[in-house]
Amino acid sequence: MVCLLIFCLDLAVKSYLIGWDEFRKGKWLIGYTVVLSFSIIDWVLSVSMVCDERLRVRRLLRPFFLLQNSTLMKKTLKCIKRTLPEIASVILLLALHLCLFTMIGMLLFAKTDDPKRNGEWELHFRDLPQSLTSLLVLLTTANNPDVMIPAYSLNRGYAVFFVTFSVIGTYCLMNLLTAIIYNQFRGYLLMSVQTSIIRRRLGIRAAFQVLGCRGEVQRYADVGHMDREQFRKIFDELDKDRIKEHPPLPQYNSPVLQRLQMIFSHYYLTILGNAVALANVMCICTVLVLNSEKSTAERDNFLLEIINLCFILYYVFEMCVKIFAFGWRGYLSYRNNIFDGFLTVLLLVTLDPSSHLMSLWEMIRLVNMLIVFRFLRIIPDIKLMALVASTLLDLVKNLRAFAGILVVVYYVFAVFGIWLFEGAIKPPPEMSVISNTTMENITSNFSMECGTYEQLSYWSNNFDDFASLILLYNVMIVNNWQAFMEAYSRYTSDWAKVYFVCWWLTSSVMWVNLFVALILENFIYRWDRSHSCSVTDVERIRYETSLQLIFKEQIQEPTEEELTCQLHQHPHLHLH
């Protein structure tokens, strides 16, 4: 209720500020009002029923509050809507391809008088729904080669049918779908950026005109004048992120200290540190291989402790000499040094033998994990790895809107899944016993077919609570997703397949391809920019990566005539 009151206050402020005429034109604001009204009514019903109702409509409406507060999410939704017709055409082609091969498969693998030759019919092509499901799963390669083994065992020529289906569907049509999504989304982003640039140039031009009309130019005439182009460039500079400059090195009077400072600030010290980190990781790997078959009590941890102690002492030495060479402020101005220093201090604290918080083996395991994690320090020193890592970091910054919509989609399907399938599959009462037994015992306790939900002990993957998000993730990955679909269709009805197919189309077909398209666009831009740069320049250009700069070469700047015309046509701006 507190949340709903905040939303009501937000809506009231927005409607007051923009006025009733503008409010009626805003589809999102009208939707905001409708959704908020339904949510309040549903909340009142919940309270009147003492929160004992099974169905709460407002759960499905909650994502709207997230979407309507993000302009970029709205643009992304418009882009997806614009891309849907092209996606639908390829999906229809996929459906035609699926139906055609389903009919051919049912004709090829029809039931015969010889029971020995009916394996393919019995397992995969018994009827139309089973045939469609088998080939749909094959389209995702999740049941390959299981789906063709019964027929292939009888005649190897049957492999032509399955290979042809996979080549056309998986490798042609599915990749064509990726290309369409990439092209359409890139086109929409370009159009959106173009519109944003025009709107921004118009705003800057209007600000310049307003300042000139109000006499601000005459007031500061003695300081100097600024033309329109100079005024615009100020905002372009303010758009860029700040380039971080490293503080100067500390000054030492002693020639010996100056010589040491030159040595310890050299790039070769970083290379030596990377080589030492690699040697440390190799030592850990060697010890792990030698002790892989030994229990915790049988392991000789003393040698590994001595090895780690020697390396940690070097890490402390490296940290100290870098602080000496660069100074505290200079040392902390490098991200790599912050990463190294934090892990080095953490290693020293973890290696304390007087600590009673964990056993010796747990302490060694934690130290080894930190050392392996510290090895990531080599990434900025290798150009291609630095490029890939910076692309990933930039995706985190620029893809917040897409991640937000993905959260919304996950949330909606999880709520629907709980409504439809909560309590549909009950784990066996001896589940606690099964979890402590061997795989042989599990197999002997169940007479289920190999690869099914029950035989694989997927009991924890269910729709009984909001952890169904993990089940949806597993289906999105499409590895063994047919086990979930087949199980829920058995325990409920065959219509459960519609839910899983819709989620596969939404997540794996559409959203994953959209994500791939965005990664491609971001990486191609970075690759073109940094192909001739050095290792240190790769991180330096990161500050100016934005949608405007990605499409810099394709963007057309508005002309002076276009800006002047739009300024005079603006309903709320009256310039003379």
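Computed from a predicted model, the values in this text were never measured in an experiment.

**Describing the overall build of the protein chain**
Consideration 1: Tallying secondary structure elements over the protein chain gives 25 helices and 0 strands in all.
Consideration 2: Across the 576 residues that make up the protein chain, the buried fraction comes to 38%.
Consideration 3: In the protein chain, 75% of the contacts between residues at least 6 apart in sequence involve partners at least 24 apart.
Consideration 4: A total of about 34,200 Å² of accessible surface is found on the protein chain, and carbon and sulfur atoms cover 65% of it.

**Notes on the environment of V90**
Consideration 1: Locating V90 in the fold gives a position in helix α4 (residues 71-108).
Consideration 2: V90 gets classed as buried once you look at its relative accessible area, which sits at 3%.
Consideration 3: Residues V90 and L173, 83 residues apart in the sequence, show an inter-C-alpha distance of 7.0 Å.
Consideration 4: When sequence neighbours within four positions are dropped, the list of residues in contact with V90 reads L173, L177 and I180.

**Some words on the nonpolar core**
Consideration 1: Grouped together as the largest cluster of nonpolar side chains are 64 residues, with contacts concentrated most on F162, W481, Y488 and F500.
Consideration 2: Looking at this core, the element that brings in the most residues is helix α22 (residues 496-530), giving 10 residues.
Consideration 3: Counting 19 residues, the second-largest nonpolar core is a separate cluster that includes I284, I312, V316 and I371.

**Digging into the packing of helix α20 (residues 468-477) against helix α21 (residues 481-491)**
Each pair of packed helices gets described by two things: the angle between the helix axes and the distance between those axes.
Consideration 1: For the pair α20 and α21, the least separation of the axes is 8 Å and the interaxial angle reads 125 degrees. With respect to their mutual orientation, α20 and α21 come out oblique. Contacts between α20 and α21 involve L471, N474 and V475 on the former and, on the latter, W481, F484 and Y488.
Consideration 2: Residues belonging to the contact of α20 with α21 are distributed by class as follows: 5 nonpolar, 1 polar and no charged.

**Topic: the pattern of salt bridges**
Consideration 1: Summed over all chains, the structure comprises 9 salt bridges.
Consideration 2: Note that E22 and K25 form a salt bridge whose closest N and O atoms lie 4.0 Å from each other. Of this pair, E22 and K25 both sit in helix α1 (residues 2-25), separated by 3 residues, roughly a single helical turn.
Consideration 3: Take E22: its relative accessible area is 34%, and that puts it in the partly exposed class.

**Describing helix α2 (residues 27-48)**
Consideration 1: For α2, with 22 residues, the first-to-last C-alpha span of 32 Å sits near the 32 Å given by 1.5 Å per residue.
Consideration 2: Summarising the contacts, the buried residues of α2 are in contact with α1 and α3 (58-67).
Consideration 3: Immediately downstream of α2, the backbone of V50 shows phi near 55 degrees, a positive value.

Thresholds, definitions, all that
- Residues numbered from 1 in each chain as written.
- Predicted model: local features only at pLDDT ≥ 70, side-chain atom pairs only at ≥ 80, totals over all residues.
- Heavy atoms only, no water.
- Helix = DSSP H or I, 4+ residues; strand = E, 2+ residues; numbered from the N terminus.
- Buried < 20%, exposed > 50% of the residue type's maximum accessible area, 1.4 Å probe, protein only.
- Contact = heavy atoms within 4.5 Å.
- Areas by Shrake-Rupley, 256 points an atom, 1.4 Å probe, with all protein chains shown as cover.
- Core = buried A, V, L, I, M, F, W, Y, C linked by side-chain atoms within 4.5 Å.
- Axes fitted to C-alpha atoms, helices over the stretch in contact; angles between N-to-C directions.
- Parallel < 35°, antiparallel > 145°, perpendicular 65-115°, else oblique.
- Nonpolar A, V, L, I, M, F, W, Y, C, P; charged D, E, K, R; others polar.
- Salt bridge = Lys/Arg side-chain N within 4 Å of Asp/Glu carboxyl O.
- Expected span 1.5 Å × (residues − 1).

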